[in-house]
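# Notes for the structure review
Read off the chains here:
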Amino acid sequence: MEVTGVTWVVAVAGLVLIVLLGSLQLVAVVRPRAAWTIDNVYGGNPEATDPKAYFAFNQASAWADPFLWAPLQVAGSIGMLAGQRWGFLLALAASVPFWYTAVFFYIWDRDLGFRENTLMYWVVIWGMWPVFGVVEGVYCFVRLLE
């Protein structure tokens, strides 16, 4: 498959986002209850809800993101940049958690009072993930139809 400028943008953006997310989640795997992890990875405050549920919910992502989702996105991005059809297929599959998990965090943050009505929250903390997932998914799907 032809590697276009858009392919480069989508593949590299996917790598940047997943390396950022995977790195933060690896910290959460190693130091799941550290203050830095709570402040910079999980967000919110475990005392604002049931601490057992808070840590269980956040630890699920901490383990799934770097060990399941990140390898899929990395392989997909590399395959896209190599012009391989399988790369676009893997990237299409990897696009789903970007927008799918945003629904969980939207509800979680709303119901537990973690959501902030700021540009930083709506664009960086929450918004860029589902937007990128939809863009990557649509782009890969369209390319696979060629």
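Our structure's up above, just so we're on the same page.
The text that follows walks through the structure, step by step, so that each part is easy to find. (Residues numbered from 1 in each chain as written. Predicted model: local features only at pLDDT ≥ 70, side-chain atom pairs only at ≥ 80, totals over all residues. Heavy atoms only, no water.)

In terms of regular secondary structure, the protein is built from 6 helices and 0 strands. Of the regular secondary structure in the protein, the N- to C-terminal order runs α-α-α-α-α-α. Taking the principal axes of its C-alpha atoms as reference, the protein extends roughly 50 × 30 × 20 Å. In the protein, the share of contacts with a sequence separation of at least 24, taken over all contacts with a separation of at least 6, comes to 68%. For the protein, the exposed surface amounts to about 8,000 Å²; the carbon and sulfur share of it is 72%. Put simply, the protein has 7 plus and 10 minus side-chain charges, and the middle of one group is 4 Å from the middle of the other. (Helix = DSSP H or I, 4+ residues; strand = E, 2+ residues; numbered from the N terminus. Contact = heavy atoms within 4.5 Å. Areas by Shrake-Rupley, 256 points an atom, 1.4 Å probe, with all protein chains shown as cover. Lys, Arg positive; Asp, Glu negative; His and termini not counted. Charge placed at Lys NZ, Arg CZ, Asp CG, Glu CD.)

Here the focus is the nonpolar core. The biggest cluster of nonpolar side chains holds 17 residues, and the ones touching the most others in it are I18, W69, M80, F88 and F98. Setting aside anything within four residues of it in sequence, one finds F98 in contact with L17, I18, W69, Q73, W129, P130, F132, G133 and E136. Listed in part, the 9 residues of the second largest apolar core include A28, Y54, W108 and F114. (Core = buried A, V, L, I, M, F, W, Y, C linked by side-chain atoms within 4.5 Å. Buried < 20%, exposed > 50% of the residue type's maximum accessible area, 1.4 Å probe, protein only.)

Once that is clear, we can look at a nonpolar patch on the surface. Taken together, the side chains of V96, W99, Y100, F104, V134, V138, F141, V142 and L145 define a hydrophobic patch exposed on the protein surface, amounting to about 850 Å² of accessible area. Elements represented by at least two residues in the nonpolar patch include exactly α4 (85-112) and α6 (128-145). Within the secondary structure, V134 is located in helix α6. On the basis of relative accessible area, V134 is assigned to the partly exposed category, the value being 44%. (Patch = residues over 30% accessible without salt bridge, like charges linked within 9 Å, V, L, I, M, F, W, Y side chains within 5 Å. Salt bridge = Lys/Arg side-chain N within 4 Å of Asp/Glu carboxyl O.)

Structurally, T4 can be placed in the segment before α1 (5-30). In sequence terms T4 and G22 are 18 residues apart; their C-alpha atoms lie 26 Å from each other. For T4, the contacting residues outside a window of four places in its chain are Y139 and R143. Here the side chain of T4 touches Y139 through a polar contact of 3.1 Å, side chain to side chain. (Polar contact = N/O pair within 3.5 Å; in protein donor to acceptor, adjacent residues only side chain to side chain.)

Here we come to the packing of aromatic side chains. The geometry of two aromatic rings is summed up by the distance between their centres and the angle between their planes. In total, this model carries 16 aromatic pairs according to the counting rule given. Ring centres of Y106 and W126 lie 5.5 Å apart, and the angle between their planes is 50°; on these two criteria the pair is classed as tilted. Here W126 lies in the loop between α5 (119-125) and α6 and Y106 lies in helix α4, a separation of 20 residues in the sequence. Overall, Y106 belongs to the partly exposed group, its relative accessible area being 30%. Pairing Y121 with W122 gives two aromatic rings, centres 5.1 Å apart and planes at 90°, and the pair type is edge-to-face. An aromatic cluster of at least three residues, connected via ring pairs, comprises Y42, Y54, F55, F57, F105 and W108. A cation over an aromatic ring shows up here: R33 above the ring of F55, its NZ or CZ 4.0 Å from the ring centre. (Phe/Tyr/Trp six-rings, centres within 6.5 Å; stacked < 30°, edge-to-face > 60°. Lys NZ or Arg CZ within 6 Å of the ring centre and 35° of its normal.)

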